[in-house]
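One-letter residues, chain by chain:
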Amino acid sequence: MSQREEKRSKAIHYVEQNSRRRRLIAGGLGLGLAGIGAALAPRLARAATRQLRIGYQKGALSIIRAHGTLEQRLAPLGATVKWVEFSAGPVQLEALGAGSIDFGDVGEAPPIFAQAAGTPLVYVGATVPRPYVEAVLVREESGISRPAQLKGKRIALNKGSNVHYFLVKLLEKHGLAYGDVTPVWLAPADARAAFERGSVDAWAIWEPYLAAAQQTLKARILADADGVVKNRAYYFSTRDYARENADLIKIALDELGRVDELAKSRPDDYAAELATILGLPRSVLDVMVRRYTYGTLPITHAILEEQQQIADAFLDLKLIPRKINLRETAPPWLA
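How each quantity is defined
- Residues numbered from 1 in each chain as written.
- Predicted model: local features only at pLDDT ≥ 70, side-chain atom pairs only at ≥ 80, totals over all residues.
- Heavy atoms only, no water.
- Helix = DSSP H or I, 4+ residues; strand = E, 2+ residues; numbered from the N terminus.
- Buried < 20%, exposed > 50% of the residue type's maximum accessible area, 1.4 Å probe, protein only.
- Contact = heavy atoms within 4.5 Å.
- Areas by Shrake-Rupley, 256 points an atom, 1.4 Å probe, with all protein chains shown as cover.
- Phe/Tyr/Trp six-rings, centres within 6.5 Å; stacked < 30°, edge-to-face > 60°.
- Core = buried A, V, L, I, M, F, W, Y, C linked by side-chain atoms within 4.5 Å.
- Salt bridge = Lys/Arg side-chain N within 4 Å of Asp/Glu carboxyl O.
- Axes fitted to C-alpha atoms, helices over the stretch in contact; angles between N-to-C directions.
- Parallel < 35°, antiparallel > 145°, perpendicular 65-115°, else oblique.
- Nonpolar A, V, L, I, M, F, W, Y, C, P; charged D, E, K, R; others polar.
- Polar contact = N/O pair within 3.5 Å; in protein donor to acceptor, adjacent residues only side chain to side chain.
- pLDDT = per-residue confidence, 0-100.
- Pairing = 2+ DSSP bridges.

Visitor: What am I meant to see in the overall build of the protein chain here?
Guide: From N to C terminus, the protein chain includes 13 helices and 11 strands. Taken across its 335 residues, the protein chain has 47% of its residues classed as buried. Taking the intrachain contacts of the protein chain between residues at least 6 apart in sequence as the baseline, contacts between residues at least 24 apart amount to 79%. Accessible surface, the protein chain as shown: approximately 16600 Å² in total, 54% of it carbon and sulfur.

Visitor: I'm lost on the environment of L280 in this one. Help?
Guide: Within the element layout of this structure, L280 appears in the loop between α11 (267–278) and α12 (282–291). Judged by relative accessible area, which is 25%, L280 ranks as partly exposed. Spatially, the C-alpha atoms of L280 and A212 are 8.1 Å apart, while their sequence positions differ by 68 residues.

Visitor: When you look at the packing of aromatic side chains in this model, what are you seeing that I'm missing?
Guide: Aromatic ring pairs are defined here through the distance separating the ring centres and the angle between the ring planes. Counted by the stated rule, this structure contains 9 aromatic pairs. Taken together, a centroid distance of 5.6 Å and an interplanar angle of 90 degrees make the contact between Y56 and W83 edge-to-face. Of the two residues, Y56 sits in strand β1 (residues 50–56) while W83 sits in strand β2 (residues 79–85), which places them 27 residues apart along the sequence. The same class applies to Y56 as to W83, namely buried. The interplanar angle of 80 degrees and the centroid separation of 5.8 Å between the aromatic rings of Y165 and F314 together place this pair among those described as edge-to-face. Residue Y165 is found in helix α6 (residues 162–173), and its partner F314 is found in helix α13 (residues 301–316); the two are separated by 149 residues along the sequence. Judged by relative accessible area, which is 0%, F314 ranks as buried. An aromatic cluster is built from F113, Y165 and F314, whose rings are joined through pairwise contacts.

Visitor: Would you mind going over the nonpolar core with me for this structure?
Guide: Nonpolar side chains tend to gather and get buried jointly when the protein is soluble and globular. Counting 65 residues, the largest nonpolar core has I112, V136, L150 and F314 as its most contacted members. The element contributing the most residues to this core is α6, with 7 residues. Setting aside anything within four residues of it in sequence, one finds F314 in contact with A109, I112, F113, H164, Y165, V168, L319 and I320. If you look at the next biggest cluster of nonpolar residues, it comprises 38 residues, including L74, A211, A242 and A271.

Visitor: Would you mind showing me how to read the pattern of salt bridges here?
Guide: Opposite charge on two side chains permits them to pair, given that their charged atoms come into close proximity. The full count for this structure, using the stated rule, is 19 salt bridges. With a closest N to O distance of 3.9 Å, D286 and R290 form a salt bridge. A residue pair is termed a helical-turn pair when its members lie 3 or 4 positions apart in one helix, as D286 and R290 do in helix α12 at 4 residues. Under the relative-accessibility criterion, D286 is labelled partly exposed at 25%. The class of R290 is partly exposed, set by a relative accessible area of 47%.

Visitor: Hey, could you run me through the packing of α6 against α13 in this one?
Guide: Between two packed helices, the angle of one axis relative to the other and the distance separating the axes together describe the packing. The interhelical angle for the contact between α6 and α13, taken along N-to-C directions, is 70 degrees, at an axis separation of 11 Å. As summarised for this structure, α6 and α13 are arranged roughly perpendicular, according to the angle between their axes. Facing H164, Y165 and V168 of α6, the residues of α13 in contact are Q309, I310, A313 and F314. Considering only residue class, the contact of α6 with α13 consists of 5 nonpolar, 2 polar and no charged.

Visitor: Looking at this structure, how should I read the side chain of Q115?
Guide: Position of Q115 among the secondary structure elements: in helix α5 (residues 110–116). Classification of Q115 by relative accessible area gives buried; the value is 6%. Within the local environment of Q115, its side chain forms a polar contact with the backbone oxygen of N325, the two atoms lying 2.9 Å apart. In this structure Q115 touches L121, R322, I324, N325, L326, E328 and T329, once residues within four positions along its chain are discounted.

Visitor: Where do I start with the confidence of the model for the protein chain in this structure?
Guide: Caution applies to low-pLDDT parts of the model: their predicted coordinates are not meant to be read in detail. Averaged over the protein chain, the pLDDT score is 88; the fraction of residues at 70 or greater is 86%. Counted against residues more than four places away or in other chains, residues 21–47, with its pLDDT under 50, gives 3 contacts.

Visitor: Teacher, can you tell me more about the packing of helix α2 (residues 60–67) against α11 here?
Guide: The contact between α2 and α11 brings their axes to 10 Å, and the two run at 85 degrees. When the interaxial angle is binned, α2 and α11 end up roughly perpendicular. Where α2 approaches α11, its residues A60, S62, I63, A66 and H67 are matched on the opposing element by Y270, E273, L274 and I277. Among the residues making up the contact of α2 with α11, the classes are represented as 6 nonpolar, 2 polar and 1 charged.

Visitor: It is not clear to me how the sheet that holds strand β3 (residues 103–106) should be interpreted in this structure. Could you clarify?
Guide: With mixed pairing, the 6 strands of this open sheet are ordered in space as β2-β1-β3-β10-β4-β11. The outermost strands of the open sheet, each flanked by one partner alone, are β2 and β11 (296–297). Of the strands in this sheet, β1, β2 and β3 touch α2, which is tilted by about 135 degrees from β1.

Have a look at this one:
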């Protein structure tokens, strides 16, 4: 073979080797990218279809819904928001147990009943104490002037609501047993009608029904929860949802904190917004807004212990069928 032919043969061999190498690299890269894509696909699909289904009662969450800020903050995470309105806490927790919502707000007592019934809830946030926004009302002309005089009386209240525990502790504070009164289980609208007719002697109720009754029914506050119970509100989820979507829950709680700041710094604006959302007179909301204290807190062991005391009291009164352990409702991130 001539020198020229030898050089030509080596050049052809070099080109063929490089061509094979490029094909192998390209093929390997393609397989690698395909593998990465296959691994990421389920995660991306989940991110693109995540949803935060919020059960709410008219209040702070209504403000967030009206402003649309939660949707704006969750959109970059590929998550959407669905809002479902409820009239009271117990039905919200029923929806949680049925898998219809992922997050909601509720008073002190409803989650105790829900946990006892097997609802897989966890607490993910709490408000500061709010003792002035629930009370026992009597009619202005009523001869009842002290809580001790409730003995033998018919008291309207929503079973399993925050005022249920309030009434238990109020009676205890004034030397009465729970059995000394006759509870009449009525939702707020029906309780108001019964109170107005005089078919009940007193009404244990929360805001905004409380301020509305004072202004339109000439109702008188017999006692509020100051010095009786703390009356926190709680935000809840399920353990599985909270574990997989802690980022969404954190943003929702952060938005609630922003509403707290609005209420504290601009109470008139906050009252005006709530008046529109609730369809109530501005005068009612001016009273209500100033009765609240504002602040959203993380769940702590001390807060769960407060709930344990409520659960134990309800067990003693045979209001729940079994003893429950509030540690089981701690959020996944609480050490």
